[in-house]
Amino acid sequence: MSCKSHALKNNLLLIFAVLFLSCKGESEKGSSPKPTEAELVEIKYAEGFSIESYEGYKVLIVKDPWPDANQIYRYLLVEDEAKVPADLKFEHKIKIPVENIVVTSTTHIPSLEVLESEEKLIGFPGLDYVSSQKTRNRIESGEITELGKNEAINTEILIASNPDLVIGFAVNGNNKTYNTLKRAGILVIFNGDWTENSPLGKAEWIKFFGALFNKSKEAEEYFIRVEINYQAAKTLAKAAEEKPVVLSGSMYKEQWYVPYGNSWLAQFIEDSNASYIYKDTEGSGSIALAFETVLSDAQNADYWVAPGQFISFEQLQEASHHYEQFKAVTSKNVFTYANTKGETGGVIFYEQAPNRPDLVLKDLISIFHPSLLPDYERTFFKPLD
């Protein structure tokens with residue numbers, strides 16, 4: 001073979017090598033990262049959400065944002081966008097940790113404080129309902145903007161605040177306010193903690209906020225402490241020899257509204273080793289019953305807890321003298337959370353109880369079985385004045 005042929009052959013090999021390496025480089029450069037294996041965050045009691053954790057990002061899945069919801073929301077929480085697969089499906093992409101946030105329920109505020117992220121809160125609808133001193137201090141110093149009322153949020157003020165994220169809750173999928181915010185480019189994600197019937201399930205939603213602030217470890221540690229305290233109190237209640245009969249709810253416009261037997265409050269009564277009158281019912285919301293029905297069923301109940309907004313026996317009697325036919329009223333065994341309020345009138349129970357089911361349970365045990373917790377100072381439930 002001639003020198004000229006050798007040179008031609010070598011040149012062709014060189015050209016093929018350059019083309020191969022060039023194509024290989026372009027292919028690698030254009031490829032998207034493959035999904036790593038998901039590590040599921042442990043959710044033991046809550047039914048409304050789950051969290052898939054990957055390297056550099058998480059997927060927060062909200063399954064029950066409101067009762068009978070037929071849509072599942074997938075939110076992508078991103079630390080490092082370079083590691084997110086291109087074909088991943090999600091509703092919104094949120095950079096974490098979130099820096100500026102608006103929440104729409106007082107039940108969200110304790111989670112922010114537990115995670116030491118309360119300084120991220122920049123707006124809230126109905127500031128007078130907030131009772132926590134930490135957050136009230138920030139309200140008084142003008143660091144948190146009043147956004148109007150939850151049922152009529154001032155969208156102009158909210159949009160001007162330009163939060164990174166709004167945590168909303170909804171009773172159904174038709175929310176004009178949230179649709180307006182979305183059109184303005186404001187991210188809104190749903191929190192369904194209020195739909196949970198399990199006391200520990202409701203408290204476990206702190207892990208939802210832990211994911212948003214990149215504080216999943218802190219959220220897990222807090223929840224474990226609450227869970228241990230709750231289970232210890234539940235075990236203590238089992239030592240009681242008697243199981244009192246309990247009524248709950250109150251009348252409104254000639255109807256008595258009582259919690260279902262599978263409700264949040266009914267579960268507390270069960271775990272405190274008491275017998276709820278309507279424990280065998282099941283549903284969402286409240287049961288509307290005629291006064292005569294409740295009188296027949298619960299006239300001899302030992303205790304009456306959560307009697308609506310009544311805070312005194314005088315109010316009770318002014319509303320209806322028929323209440324005096326109940327044993328719990330004549331024996332002064334009526335207990336309410338409505339008379340434990342913050343400095344601006346917010347009912348502390350509504351704000352703190354979902355995060356502290358252990359304290360709610362201890363309150364009820366101290367009422368139904370006072371000998372088990374003789375020196376206990378109740379947090380929420382107090383006797384009517």
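As a reminder, the structure under discussion sits directly above these lines.
Residues numbered from 1 in each chain as written. Predicted model: local features only at pLDDT ≥ 70, side-chain atom pairs only at ≥ 80, totals over all residues. Heavy atoms only, no water.

Peer 1: Describe the overall build of the protein, listing the residues and the values that go with them.
Peer 2: For the protein, the helix and strand inventory stands at 14 helices and 20 strands. Once the C-alpha set of the protein is aligned to its principal axes, its extents read approximately 120 × 45 × 35 Å. Every one of the 385 residues in the protein was classed for burial, and the buried ones make up 47%. If you sum the accessible surface of the protein, you get close to 19600 Å²; carbon and sulfur atoms cover 50% of it. Of the side chains in the protein, 38 bear a positive and 54 a negative charge, and the two mean positions are spaced by 8 Å. (Helix = DSSP H or I, 4+ residues; strand = E, 2+ residues; numbered from the N terminus. Buried < 20%, exposed > 50% of the residue type's maximum accessible area, 1.4 Å probe, protein only. Areas by Shrake-Rupley, 256 points an atom, 1.4 Å probe, with all protein chains shown as cover. Lys, Arg positive; Asp, Glu negative; His and termini not counted. Charge placed at Lys NZ, Arg CZ, Asp CG, Glu CD.)

Peer 1: Let's hear about the sheet that holds strand β8 (residues 145-146): which residues, and what values?
Peer 2: The five strands are arranged β8-β7-β6-β11-β12 in an open sheet whose pairing can be described as parallel. Each of the sheet's edge strands pairs with one partner strand only, and the pair in question is β8 and β12 (188-190). Inspection of the sheet shows strand β7 (residues 121-124) paired to β8 by two bridges, in the parallel sense. Bridged to Phe124 within β8 is Glu146. (Pairing = 2+ DSSP bridges.)

Peer 1: Got a sec to walk through the sheet that holds strand β17 (residues 286-290)? Specific residues and values, please.
Peer 2: Overall, antiparallel pairing links the three strands, which are arranged β14-β15-β17 in an open sheet. Looking at the sheet topology across the chains shown, the edges are occupied by β14 (250-252) and β17. The average undirected angle you get between the axes of adjacent strands in this sheet is 40°. Here β14 pairs with strand β15 (residues 255-259) via three bridges, running antiparallel. The residue bridging Met251 from the neighbouring strand is Trp256, located in β15. Of the strands in this sheet, β14, β15 and β17 are in contact with helix α10 (residues 291-298), which crosses β17 at around 95°. (Axes fitted to C-alpha atoms, helices over the stretch in contact; angles between N-to-C directions. Contact = heavy atoms within 4.5 Å.)

Peer 1: Got a sec to walk through the packing of aromatic side chains? Specific residues and values, please.
Peer 2: With the rule as written, the count across this model stands at 31 aromatic pairs. Ring centres of Phe291 and Phe326 lie 6.0 Å apart, and the angle between their planes is 85°; on these two criteria the pair is classed as edge-to-face. Remark: Phe326 occurs in the loop between α11 (313-319) and α12 (327-330) and Phe291 occurs in helix α10; sequence separation between them is 35 residues. Just as Phe291 is buried, Phe326 falls in that class too. Geometrically, the ring pair formed by Phe349 and Phe381 is edge-to-face, given 5.7 Å between the ring centres and 75° between the ring planes. Remark: Phe381 occurs in the loop between α14 (357-368) and β20 (382-383) and Phe349 occurs in helix α13 (residues 348-352); sequence separation between them is 32 residues. Judged by relative accessible area, Phe349 falls into the buried class, the value being 5%. (Phe/Tyr/Trp six-rings, centres within 6.5 Å; stacked < 30°, edge-to-face > 60°.)

Peer 1: Before we move on, could you go through the pattern of salt bridges and cite the residues and values that matter?
Peer 2: Tallied over the entire structure, the rule returns 14 salt bridges. With a shortest N-O distance of 3.7 Å, Glu79 and Lys58 are connected by a salt bridge. Highlighted residues: Glu79 in the loop between β4 (73-78) and β5 (92-95) and Lys58 in strand β3 (residues 57-62), separated in sequence by 21 residues. For Glu79, a relative accessible area of 40% gives the class partly exposed. One salt-bridge network, held together by shared partners, links Arg136, Glu140 and Glu343. (Salt bridge = Lys/Arg side-chain N within 4 Å of Asp/Glu carboxyl O.)

Peer 1: Mind laying out helix α5 (residues 176-183), listing which residues take part and the relevant values?
Peer 2: Inspection of α5 places Thr177, Tyr178 and Leu181 among the buried residues, and these make up the whole buried set. End-on view of α5: buried residues confined to an arc of 95°, all on one side of the axis. Exposed residues pointing more than 90 degrees away from the buried face of α5 are listed as Lys176 and Arg183. Its side-chain oxygen placed 3.1 Å from the backbone nitrogen of Thr177, Asn175 serves as the N-cap of α5. (Arc of directions from axis to C-beta. Polar contact = N/O pair within 3.5 Å; in protein donor to acceptor, adjacent residues only side chain to side chain.)

Peer 1: How would you explain the packing of helix α8 (residues 216-237) against helix α9 (residues 264-271) if you had to name every residue and give the values?
Peer 2: In a packed pair of helices, the relevant descriptors are the angle between the two axes and the axis-to-axis distance. Between α8 and α9, the least distance of the axes is 9 Å, while the angle of their chain directions is 55°. The orientation of α8 with respect to α9, classified from their angle, is oblique. The residues of α9 that touch α8, namely those facing Tyr230, Lys234 and Ala237, are Gln267, Phe268 and Asp271. Taken together, the residues of the contact of α8 with α9 break down into three nonpolar, one polar and two charged. (Parallel < 35°, antiparallel > 145°, perpendicular 65-115°, else oblique. Nonpolar A, V, L, I, M, F, W, Y, C, P; charged D, E, K, R; others polar.)

Peer 1: Outline the packing of α9 against α14, supporting the account with residue identities and numerical values.
Peer 2: Put simply, α9 and α14 touch, their axes get as near as 9 Å, and they point 55° apart. Compared by their axis directions, α9 and α14 come out oblique. Crossing hand, α9 versus α14: right-handed. Counting all contacts with α9, which are made through Phe268, Ile269 and Asp271, the residues of α14 involved are Pro357, Val360, Leu361 and Leu364. Partitioning the contact of α9 with α14 into residue classes produces six nonpolar, no polar and one charged. (Left-handed = near helix turned anticlockwise from the far one by under 90°.)

Peer 1: Break down the pairing of strand β2 (residues 49-54) for me, with residues and values.
Peer 2: Here β2 lies mainly inside the structure; six of its six residues are buried. Burial of β2 is two-sided: the residues Phe49, Ile51 and Ser53 facing one way and the residues Ser50, Glu52 and Tyr54 facing the other way are all buried. Inspection of the sheet shows strand β1 (residues 39-40) paired to β2 by two bridges, in the antiparallel sense. Pairing of Glu39 across the sheet is with Ser53, part of β2. Linking β2 to β3, which pair antiparallel, is a turn of two residues; within it Gly56 sits at a positive phi near 90°.

Peer 1: How would you explain a negative patch on the surface if you had to name every residue and give the values?
Peer 2: The grouping of Glu116, Glu119, Glu218 and Glu221 at the surface amounts to a negative patch. Secondary-structure assignment places Glu116 in the loop between α2 (109-114) and β7. (Patch = residues over 30% accessible without salt bridge, like charges linked within 9 Å, V, L, I, M, F, W, Y side chains within 5 Å.)

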